[in-house]
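Analysis of the macromolecular model
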Amino acid sequence: MKISTLMISSTLLLAQSGFATQVYERSLADGMDNAIESAFVEVTSKTAIDDTQKISFDQIKNTIDTLKINGDKLLVSFNDEKVKSLLSSNGIATWQGLSDPVLVWFADVSENGINILNSDGQNDFAVALNEASIKNNYNLMFPLMDLDDVQSVDAQTILTHSDKKLAQASKRYDAKYFVAGAIEMNEDTYAVKWNVYDNEGKALGNGQSQGDLATTSSNVSRDIAKALLQNDTQSKNVANTSSDEVNSLTTTQDDGNIALGPVPGGVRVLFAGVDNVADYPSIKRALITYGYEADITVLGYNQSGVIFLIPTGAKPDILDGTLAHADDFTKVGPWTYKYNKSKGVPQTPNGVGSISKSTHEMVTSKINKYSDEAYTKHIVKKKVEVTTQVVQQDGAPVITLTDDSDDSTQALESEGIAISN
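Residues numbered from 1 in each chain as written. Predicted model: local features only at pLDDT ≥ 70, side-chain atom pairs only at ≥ 80, totals over all residues. Heavy atoms only, no water.

**Some thoughts on the nonpolar core**
Formed by 27 residues in total, the largest nonpolar core has its most connected members in Trp95, Val102, Phe106, Tyr138 and Leu228. Of all the elements in the fold, those that place two or more residues in this core are β4 (102-110), α5 (124-135), β7 (177-186), β8 (189-198) and α9 (213-234). Counting residues per element, this core draws most heavily on α9, which supplies six residues. Sequence-distant contacts of Leu228, defined by excluding residues within four places in its chain, comprise Trp95, Leu98, Val102, Tyr138, Tyr177 and Val196. With 21 residues, the next largest nonpolar core counts Val43, Phe57, Ile60 and Leu67 among its residues. (Core = buried A, V, L, I, M, F, W, Y, C linked by side-chain atoms within 4.5 Å. Buried < 20%, exposed > 50% of the residue type's maximum accessible area, 1.4 Å probe, protein only. Helix = DSSP H or I, 4+ residues; strand = E, 2+ residues; numbered from the N terminus. Contact = heavy atoms within 4.5 Å.)

Listed below in structure tokens is the structure:
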């Protein structure tokens, strides 16, 4: 045992038995220090969102209130105010949780199709996420996916970040917050992307995690809790994320170019390497997969590239970091990124805009040699046969023209008559 590292008198160890706060019992088999650290993790897990295992033993020992050895067991309690102060000094967020459940809209993307997790409790990730969230002092609620839900929400509603539709569909559950995201499982690895919103559809935070079931569900639950905590404590500072909040979308600089960077409700960025208008929807789809809203707007373009407005309520640095490390983009300057997957300069399809020779069979006639009198001056009525006899010079043949066409609206003189010998 490393008893010498704990500077507490033997009188305290053996004599105190009247604990004013909750007592934690631990085995001394792995040493006193490990027993104290284990108890500290348990007591902080009730309010701490982040992992407290990184806090050193020298810091933990100063929060001990009472301590007693009873045979091979250690009984320990901690001072609540000292624990709270220690967590704060280490930048560890704490909260008491939520009394109302958080509604969850998750699309499970698999090889067999896309399904929305519901309240039947059959999905392993849903069960694990709910258990992890209970540890973080809030409960989850999954939609029923009955007729009412199916008419309002499908998987594409979630995947395309149709926040307003989700907010409207969530009203029947009277949830103050809801989470929307996508889950993809590959063998034993889960990849999860999520966004958390208030009941009006305003984004409060987003994130992603990848790993095994336990790791991913724990990370997602913890990060969602942080977003909820931040909204509870700083609700007045949360910006709307929908594009209708953005002011002065086309604010320009002195040189007439659209100014790049953060604006109320979003960020204006420039994408270089966009050689095809077909790249626009591809860029939007990529940004959506990173957790940004579907109402991304193209503001304009210049000789350097195309300027997009990306609505977001998160810190602009988060967007910058995402684009700087994404495979689809390469950062080349402040708020300027090269799109790496352009479809290239569009090519003209074969035969379009070119002159080529072709051969067609045509009906020809020499009737024009007989002057204009050989053309009828009558408008032919439907089902009416019109015969015109033209008498030529002596010795010339008599030409009889007969038209019994069903098209009574066309005069013969409009197109002429082609005669073959």
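Next, the rest of the story.
**Regarding the confidence of the model for the chain**
Mean pLDDT over the chain: 76, with 71% of residues reaching 70 or higher. Mean pLDDT per element in the chain: helix α1 (residues 10-15) is the minimum at 37, and strand β15 (residues 336-339) is the maximum at 93. Across residues 1-20 the pLDDT falls below 50, and counting only partners more than four positions away or on other chains, this stretch makes 35 contacts in the model. (pLDDT = per-residue confidence, 0-100.)

**Concerning α5**
For α5, spanning 12 residues, the distance from its first C-alpha to its last is 17 Å, which sits close to the expected 16 Å at 1.5 Å a residue. Within the sequence span of α5, burial applies to Phe125, Ala126, Ala128, Leu129, Ala132 and Ser133. Down the axis, α5 shows its buried residues gathered within 165° of arc, on one side only. Opposite its buried face, α5 presents the exposed residues Asp124 and Lys135, each directed more than 90 degrees away. Two to three positions downstream of the cap, the backbone nitrogen of Phe125 sits 2.9 Å from a side-chain oxygen, assigning the N-cap of α5 to Asn123. Where α5 ends, the next residue or the one after it, Asn137, has phi of about 70°, a positive value. (Expected span 1.5 Å × (residues − 1). Arc of directions from axis to C-beta. Polar contact = N/O pair within 3.5 Å; in protein donor to acceptor, adjacent residues only side chain to side chain.)

**Section: the sheet that holds strand β2 (residues 64-70)**
Spatially, three strands are ordered β1-β3-β2 in an open sheet, and the strand pairing comes out antiparallel. Of all strands in the sheet, those bounded by a partner on one side alone are β1 (24-27) and β2. Along the sheet, successive strands turn relative to each other by an average axial angle of 25°, direction set aside. Here β2 runs beside strand β3 (residues 73-78); their pairing, made up of six bridges, is antiparallel. The residue of β3 that forms the bridge with Asn70 is Lys73. (Pairing = 2+ DSSP bridges. Axes fitted to C-alpha atoms, helices over the stretch in contact; angles between N-to-C directions.)

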